[in-house]
Amino acid sequence: MDRRQRQEIPATLTGAYESRAGVFAIDKNLIANELRNGRPLLVCNLTHCMVITAVDYIPGEVINIGVFDPWPLSPSKRFLSSAEGRQKEVGGQCTFIGAFSVEDVPEYIARV
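Residues numbered from 1 in each chain as written. Predicted model: local features only at pLDDT ≥ 70, side-chain atom pairs only at ≥ 80, totals over all residues. Heavy atoms only, no water.

Caption draft 1: Quick peek at the pattern of salt bridges. If you walk through the whole model with that rule in mind, you get four salt bridges. Notably, a salt bridge pairs arginine 39 with glutamate 34, separated by 2.9 Å at the nearest N-O pair. Judged by relative accessible area, glutamate 34 falls into the buried class, the value being 8%. Each of the salt bridges in this network shares a partner with another, and the network as a whole consists of Asp69, Arg78 and Glu84. (Salt bridge = Lys/Arg side-chain N within 4 Å of Asp/Glu carboxyl O. Buried < 20%, exposed > 50% of the residue type's maximum accessible area, 1.4 Å probe, protein only.)

Caption draft 2: Structural detail: the packing of aromatic side chains. One pass over the structure, following the stated rule, counts one aromatic pair. Centroid distance tyrosine 17 to phenylalanine 24: 5.5 Å. Interplanar angle 45°. Geometry classified as tilted. Exposure remark for tyrosine 17: the relative accessible area of 1% places this residue in the buried category. (Phe/Tyr/Trp six-rings, centres within 6.5 Å; stacked < 30°, edge-to-face > 60°.)

Below you can see the structure in the form of structure tokens.
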């Protein structure tokens, strides 16, 4: 298949926090387990989304959240600020965290 053609990849949302919808179906342990198993997560602040690639974690507490940030004015690899890592309902800037299960990734995408 030509790489320029659109290809859908089936994904299932397996855990989420979404501030506007009041969804609280993710916790610190799930985040740590997803990363331990090689599955990055999505996180959104008030302006854009990033990919969670690492956490500094002790049972019951996340110390730092490492992200890949595509925002042009930010370093591409960085830690979230304490406000970005805190839920919007408690005065933070985090509006979404999503864990996904992706299946049947076409070989040409897996190699990119």
